[in-house]
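Residue-level listing of the chains:
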Amino acid sequence: MMPRYVVMARAVLVLVVAASVPGLVSAQARGAPTPRSPKEAAPIDLSGNWVSLVTEDWRWRMVTPPKGDVASVPLNPEGTKVANAWDPATDGSCLAYGAAGLMRMPTRLNITWQDDRTIKIETDAGQQTRLLRFDAGAAPAQRSLQGHSAAQWEPAPQPGRGGGPPQIPRFGNLKVTTTNLTAGWLRKNGVPYSENATVTEYFDRFKAPNDDEWLVVTTIVSDSKYLNQDFVTSTHFKKEPNGSKWSPSPCKPV
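Residues numbered from 1 in each chain as written. Predicted model: local features only at pLDDT ≥ 70, side-chain atom pairs only at ≥ 80, totals over all residues. Heavy atoms only, no water.

Undergrad: Any chance you could explain the overall build of the protein chain here in plain terms?
TA: Summing up its helical and strand segments, the protein chain has four helices and 13 strands in all. For the protein chain, the residues scored as buried account for 39% of the 254 residues in total. Of all intrachain contacts in the protein chain linking residues separated by at least 6 positions in sequence, the fraction that spans at least 24 positions is 60%. When the accessible surface of the protein chain is split by element, carbon and sulfur atoms take 56% of a total near 14000 Å². (Helix = DSSP H or I, 4+ residues; strand = E, 2+ residues; numbered from the N terminus. Buried < 20%, exposed > 50% of the residue type's maximum accessible area, 1.4 Å probe, protein only. Contact = heavy atoms within 4.5 Å. Areas by Shrake-Rupley, 256 points an atom, 1.4 Å probe, with all protein chains shown as cover.)

This is the structure in structure tokens:
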């Protein structure tokens with residue numbers, strides 16, 4: 001049996017700690033707070049209709065580049081060899097609409113919450129659907145064009161006022177890591193990425209001085225099979241008031 005003086009000492013210690021941490025006793029009485037879902041904890045709202053604004057790389061995005069035009073992509077010799085073997089008859093293939101190249105397409109996005117832990121991105125170009133999962137779990141055994149996307153918020157907490165605790169984050173970004181892909185193209189003219197590629201994306205939303213809402217997607221493609229170094233792009237989208245301009249166009253099945 002524990003000595004009586006030890007029991008008393010522990011009781012005093014608990015009281016001292018409780019008194020030094022405001023709200024501890026009341027918090028214990030109320031029970032632990034219920035964790036917020038990713039949807040509830042979102043520091044930015046990505047939902048809605050967005051249209052890509054092609055303000056750079058027009059010749060590689062708005063039209064299909066000619067065979068062998070691989071400028072600005074850091075291909076290694078093997079990647080260049082594969083790109084030079086592209087067959088123009090396959091132009092329009094769904095291989096150009098995989099996760100590593102899809103957001104670079106001139107397209108519209110419809111972003112919604114499939115559930116409280118999954119963001120769904122639909123594109124009218126190629127008619128693709130991406131699922132960004134906050135509870136990603138293990139990747140499925142079968143690879144796919146859109147792969148397996150694990151999402152996480154990266155909030156930027158605001159400092160508390162008057163030396164108080166940090167406030168609930170009101171801004172930040174979404175980080176998405178996609179693996180388990182099938183091989184595809186970075187551009188419509190067969191510039192390749194392999195099934196072992198990893199795609200890391202950062203989604204940021206901000207308001208322009210004229211009150212337009214912008215979405216910027218920074219994409220980093222890492223692929224040791226075909227690339228000498230990471231291929232990095234920054235793609236811009238503008239918020240639209242509704243989906244009235246949505247114009248689905250399918251890609252050619254692989």
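Undergrad: It is not clear to me how the sheet that holds strand 11 (residues 213–222) should be interpreted in this structure. Could you clarify?
TA: Strand pairing in a sheet relies on backbone hydrogen bonds. The paired strands run either parallel or antiparallel. The strand order around the closed barrel formed by nine strands is 1-2-3-5-6-7-10-11-12, and the pairing between neighbours is mixed. Geometrically, the sheet is characterised by an average inter-axis angle of 30° between neighbouring strands, direction not taken into account. Bridging between strand 3 (residues 118–123) and strand 5 (residues 129–133) involves five bridges; their strand directions are antiparallel. The partner of Ile121 across the bridge, within strand 5, is Arg130. (Pairing = 2+ DSSP bridges. Axes fitted to C-alpha atoms, helices over the stretch in contact; angles between N-to-C directions.)

Undergrad: What's the story with the pairing of strand 2 (residues 108–115) in this structure? I'm lost.
TA: Walk down a regular strand and you will see the side chains alternate between the two sheet faces. Of the strand pairs in this sheet, strand 1 (residues 48–52) and strand 2 are connected by four bridges, and their pairing is antiparallel. Looking at strand 2, one finds that Gly48 is bridged to Ile111.

Undergrad: What is the right way to look at empty space enclosed by the protein in this model?
TA: Empty space among the atoms can be located by rolling a probe the size of a water molecule over them. Across all of its chains, the model carries one cavity of 30 Å³ or more by this definition. Considering only enclosed or pocket space, the largest cavity measures out at about 90 Å³ in volume. What lines the largest cavity is a set of 13 residues, among which Ala100, Gly101, Arg104, Thr219 and Thr233 lie closest to the centre. Counting only elements with at least two residues in the lining of the largest cavity, the list comes to strand 11 and strand 12 (231–240). Top element by residues in the lining of the largest cavity is strand 12. It accounts for three residues. Here the lining of the largest cavity is composed, by residue class, of seven nonpolar, four polar and two charged. (1 Å grid on protein atoms, 1.4 Å probe; cavity = no way out; pocket = protein on both sides within 12 Å on 5 of 7 lines; lining within 4 Å. Points joined across faces, edges and corners; volume = space filled by probe spheres on them. Nonpolar A, V, L, I, M, F, W, Y, C, P; charged D, E, K, R; others polar.)

Undergrad: Teacher, can you tell me more about a nonpolar patch on the surface here?
TA: On the surface, a cluster of nonpolar side chains totalling about 280 Å² of accessible area is made up of Trp58, Met62 and Val63. The topology assignment puts Trp58 in helix 3 (residues 58–61). (Patch = residues over 30% accessible without salt bridge, like charges linked within 9 Å, V, L, I, M, F, W, Y side chains within 5 Å. Salt bridge = Lys/Arg side-chain N within 4 Å of Asp/Glu carboxyl O.)

Undergrad: Sorry if this is basic, but what is going on with the pattern of salt bridges here?
TA: In a structure, side chains of opposite charge can pair up when their charged atoms sit close to one another. Going through the model one piece at a time under the given rule, you end up with eleven salt bridges. Put simply, Glu56, Asp57, Arg61 and Arg104 are held in one network by salt bridges that share partners.

Undergrad: Quick question: what am I supposed to make of unusual backbone geometry here?
TA: Glycine aside, negative phi is the norm for most residues, and most peptide bonds take the trans geometry. In this model, Ser72 sits at a positive phi of 75°, which is unusual for a non-glycine residue. When you line up the elements, Ser72 lands in the loop between helix 3 and helix 4 (77–84). You will see that Asp211, though not glycine, has its phi angle at about 75°, which is positive. Within the secondary structure, Asp211 sits in the loop between strand 10 (198–207) and strand 11.

Everything listed is a geometric property; what it means functionally is a separate question.
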